[in-house]
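Summary of structural features
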Amino acid sequence: MASTETGPLSTSGGPHDLAGLEAGLDALETVEVRRTPFAQVLLHKVLPPLTAVVLVLAVWKLLVVAEVTDDYKLPDPSAVWHSLEDLWLRGTLLDIVWTSVSRGLLGFAAALVLGTPLGLLVARVKFVRAALGPVLSGLQSLPSVAWVPAAVIWLGITDAAMYAVILLGAVPSIANGLVSGIDQVPPLYLRAGRTMGATGLRGARHVLLPAALPGYIAGLKQGWAFSWRSLMAAELIASSPDLGLGLGQYLENARTDSDMPGVLLGIILILFVGIAIDLAVFSPLERRVLRTRGLAAANR
């Protein structure tokens, strides 16, 4: 009787072949973690934004030298730098920035506390989704500045009005982000959780939220952006000495005084704070979540 040839897929090696196969599959699924060299970080992370800033400053300077418009409309970059120096020497720069940042962070924290359970409720209860889903989407598309007059009438020119505008701008984004993340959770995860007794709040805590984390983090990033924009709109419109001097109020004061270097400085500071919070908090958190799921390179 002729012997049967098994070819390259032969299992004659027994346990050794199976062990090698398992090791190969494990190697494919393993995300390699290594520290990025400092020179590579400078080249790929630091140099591009610095180059962009230098190019913007160069174009700005060229437009000033070419006298494309009057000086009071487009001041020299050095004039904006002198305005920054003046705030620093007077000791008011950090106070102005912190007044707005503290409001923004506190308002965002409150929006997080309200938006997370609301998102869970909308995602898991069909009647609530049918009733509130379109409302949340509509609120998310509504410009936050539209809430400022109503908040001032309801609460006066107070910090409460500022926080109300932040909440109305950020809560829909956070809730919708969580709903989107939950909608993308494979049903198998939910069935496995129920099999192991993870139902109700336990299921939400141990199954839904961890599985929906990428979408939730995206909602948090958008929620912070809405919080910051809402706050700046409120500070620009609802000005009062009792509120303290924040970035929005500083920008409005510079406009009233026809101080174009101050106006540009206020815009730059608002932009810088928004980018800094995103780079320091949300981007690392997002990379970590994606990396733990094997969805992003470890040296990203």
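Residues numbered from 1 in each chain as written. Predicted model: local features only at pLDDT ≥ 70, side-chain atom pairs only at ≥ 80, totals over all residues. Heavy atoms only, no water.

An unreviewed UniProt entry annotates the chain as Sulfate ABC transporter permease of Streptomyces hiroshimensis. Here the chain is described in UniProt, under the heading Sequence similarities (unreviewed entry), as follows: "Belongs to the binding-protein-dependent transport system permease family." The UniProt entry for the chain carries the following text under Subcellular location (unreviewed entry): "Cell membrane". (UniProt positions renumbered as here; feature names shortened; annotations may be inferred.)

Before going further, it helps to examine the overall build of the chain. Along its length, the chain carries twelve helices and zero strands. The order of α-helices and β-strands along the chain, N terminus first, is α-α-α-α-α-α-α-α-α-α-α-α. The long-range share in the chain, meaning contacts at least 24 apart out of those at least 6 apart in sequence, stands at 70%. Carbon and sulfur atoms make up 67% of the accessible area of the chain, which amounts to about 18,400 Å² in all. (Helix = DSSP H or I, 4+ residues; strand = E, 2+ residues; numbered from the N terminus. Contact = heavy atoms within 4.5 Å. Areas by Shrake-Rupley, 256 points an atom, 1.4 Å probe, with all protein chains shown as cover.)

Two numbers describe a pair of packed helices, the interaxial angle and the distance between the axes. Taken N-terminus to C-terminus, the directions of helix 10 (residues 213–237) and helix 12 (residues 260–292) make an angle of 170 degrees; their axes are 10 Å apart at the nearest point. Overall, the two elements helix 10 and helix 12 adopt an arrangement that is roughly antiparallel. Each of Leu 213, Pro 214, Ile 217, Leu 220, Lys 221, Trp 224, Trp 228 and Met 232 in helix 10 lies in contact with helix 12, whose residues at this interface are Ile 270, Val 273, Gly 274, Ile 277, Asp 278, Phe 282, Ser 283, Leu 285, Glu 286, Val 289 and Leu 290. Its residues assigned to classes, the contact of helix 10 with helix 12 comprises 14 nonpolar, two polar and three charged. (Axes fitted to C-alpha atoms, helices over the stretch in contact; angles between N-to-C directions. Parallel < 35°, antiparallel > 145°, perpendicular 65-115°, else oblique. Nonpolar A, V, L, I, M, F, W, Y, C, P; charged D, E, K, R; others polar.)

With their axes 9 Å apart at the nearest point, helix 4 (residues 93–124) and helix 10 run at an angle of 135 degrees to one another. Between helix 4 and helix 10, the angle is such that the two are oblique. You can see that helix 4 and helix 10 cross each other, and the crossing is right-handed. Where helix 4 abuts helix 10, its residues Ser 100, Val 101, Arg 103, Gly 104, Leu 105, Phe 108, Leu 112 and Thr 116 lie against Tyr 216, Leu 220, Gly 223, Trp 224, Ser 227, Trp 228, Leu 231, Met 232 and Glu 235. (Left-handed = near helix turned anticlockwise from the far one by under 90°.)

Right, let's talk about the environment of Ala 151 for a bit. Relative to the helices and strands, Ala 151 resides in helix 6 (residues 147–155). Since its relative accessible area comes to 1%, Ala 151 is described here as buried. Along the primary structure Ala 151 and Tyr 163 are separated by twelve residues, whereas in three dimensions their C-alpha atoms are 9.2 Å apart. What Ala 151 contacts, discounting residues up to four positions off in sequence, is Gly 156, Ala 161 and Val 165. (Buried < 20%, exposed > 50% of the residue type's maximum accessible area, 1.4 Å probe, protein only.)

Looking now at the nonpolar core. In this structure, Ile 182, Leu 220, Trp 228, Leu 247 and Val 273 are the most contacted members of the largest nonpolar core, which totals 55 residues. Counting residues per element, this core draws most heavily on helix 7 (residues 159–183), which supplies eleven residues. Here Val 273 is in contact with Val 97, Val 101, Trp 228 and Leu 247, once residues within four sequence places are set aside. (Core = buried A, V, L, I, M, F, W, Y, C linked by side-chain atoms within 4.5 Å.)

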